[in-house]
Amino acid sequence: MSESPVIVKNLLKKYGEYIAVNEISFEIKKGQVFSLLGPNGAGKTTTVEILEGLRKRDGGEVSVLGLDPENSKEIYKKIGILPQDFTFVNNSTPKEAIEFYCKLFNRKLNPYELLDTVELRDRANVPFSKLSGGQKQKLGLALSLINDPEVLFLDEPTAGLDPKSRRNIWRIIENLKKEDRSILLTSHYLEEAELLADNVAIMNKGKIIDTGSPKELILRHRGKDLLYIKGGKYLEDVLEKIGAQFKNEDGYFILGLNDSKEAIEILNKIDEMGVPFDDFMIRRENLEDIFLKVTEE
Ligand SMILES: Nc1ncnc2c1ncn2[C@@H]1O[C@H](COP(=O)(O)OP(=O)(O)OP(=O)(O)O)[C@@H](O)[C@H]1O
Ligand SMILES: [Mg+2]
């Protein structure tokens, strides 16, 4: 039986008296994407940087590929790191950055191939200071891959990226996962976690408040599906007449549904009463709704 590449048990980190990470535990299995989600200041970066060996912990146990990151230099040969707010030498170009990292890790790579992976070939010879925020981020991701890492720590890899670049990075992460790499991903884009993560831990004020697959979390916390209907002034009367419970928000009447068939029944009743409606939609709670719900509780 092989041990999980990342194991965290009762991890504790204080800054002075302030407890930033409060005895959290989790595991990342081989080939899994594990996503740490939480509001600003939840303790995500602190946790990730302890796993990367960049910060010291105050308690608990941490194992990355069987090593303790606090006392191991070996670890840097096996892990890839994309720090939050990645930055590099201002007058170096992406091509030079890759060549530099190749020397550091004793790797022979064609810089252009790696730049193609992150769609940055056309910026190969532009100084770092002149890259856009998203382009800097893409270079950071490229550099994190140079040593062919078994475990990747990606701290908000798509922060500030446009939708196309974000999707592009998602594709890269999906491919890395197919190559059996284990990935710790922090993100504020819940859609990203819902799409990519096998497991998610929702963190708030240093504690993990819930964990599971995105599907499990949604099933565990989700409320009723909601039917949104927009219509003229008679619609409200009709809804009252048929005994529907509803609220009014942003020009829509919103009704909770016991099952999706109920939506058809309600719309049919409105139609039968000869009242036109302009628009309707059914909304099911997603990971973002659940996240907001559990972090507010
Ligand atoms: N070096 C430090 N010294 C003192 N306090 C710190 C230090 N680094 C972080 N903190 C505090 O610890 C808490 C957790 O910070 P951390 O950066 O881990 O949060 P985060 O979840 O990554 O937030 P974000 O989503 O904004 O990146 C915050 O309240 C922060 O102010
Ligand atoms: Mg952070």
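Residues numbered from 1 in each chain as written. Chains lettered and ligands numbered in written order. Predicted model: local features only at pLDDT ≥ 70, side-chain atom pairs only at ≥ 80, totals over all residues.

Participant: For unusual backbone geometry, give the residues involved together with the corresponding values.
Facilitator: The phi angle at leucine 65 is positive, at roughly 50 degrees, despite the residue not being glycine. Structurally, leucine 65 can be placed in the loop between strand E4 (59–64) and strand E5 (79–82). Accessibility expressed as a C-beta count within 10 Å gives 20 for leucine 65, which makes it buried. Located in the positive-phi region is asparagine 106, a residue other than glycine, with phi close to 55 degrees. Secondary-structure assignment places asparagine 106 in the loop between helix H2 (94–105) and helix H3 (111–117). For asparagine 106, a count of 8 C-beta atoms within 10 Å corresponds to the exposed category. (Helix = DSSP H or I, 4+ residues; strand = E, 2+ residues; numbered from the N terminus. Buried ≥ 20, exposed ≤ 12 C-beta atoms within 10 Å, placed from the backbone.)

Participant: Got a sec to walk through the packing of helix H7 (residues 214–221) against helix H10 (residues 287–296)? Specific residues and values, please.
Facilitator: A packed helix pair is summarised by two numbers, namely the angle formed by the two axes and the spacing between the axes. Relative to each other, H7 and H10 sit at 60 degrees, their axes nearing to 9 Å. By the criterion of interaxial angle, the relationship of H7 to H10 is oblique. The way H7 lies across H10 gives a crossing that is left-handed. From H7, Pro214, Leu217, Ile218 and His221 reach across to H10, where they touch Leu287, Ile290, Lys293 and Val294. Per-class residue counts for the contact of H7 with H10 are six nonpolar, one polar and one charged. (Axes fitted to C-alpha atoms, helices over the stretch in contact; angles between N-to-C directions. Parallel < 35°, antiparallel > 145°, perpendicular 65-115°, else oblique. Left-handed = near helix turned anticlockwise from the far one by under 90°. Contact = placed C-beta atoms within 7 Å. Nonpolar A, V, L, I, M, F, W, Y, C, P; charged D, E, K, R; others polar.)

Participant: Lay out the domain arrangement of the chain with the relevant residues and their values.
Facilitator: Often the size quoted for an interface is simply the accessible area lost on bringing the parts together. Once the domains are mapped, the chain shows domain 1 (6–214) and domain 2 (222–296). In this assembly, 10 residues from domain 1 lie in contact with six residues from domain 2. Elements with a minimum of two residues in the side of domain 1 that touches domain 2: helix H6 (190–196), strand E8 (199–204) and strand E9 (207–212). Considering each element in turn, the side of domain 1 that touches domain 2 owes the most residues, three residues, to H6. (Domains from an automatic or database assignment.)

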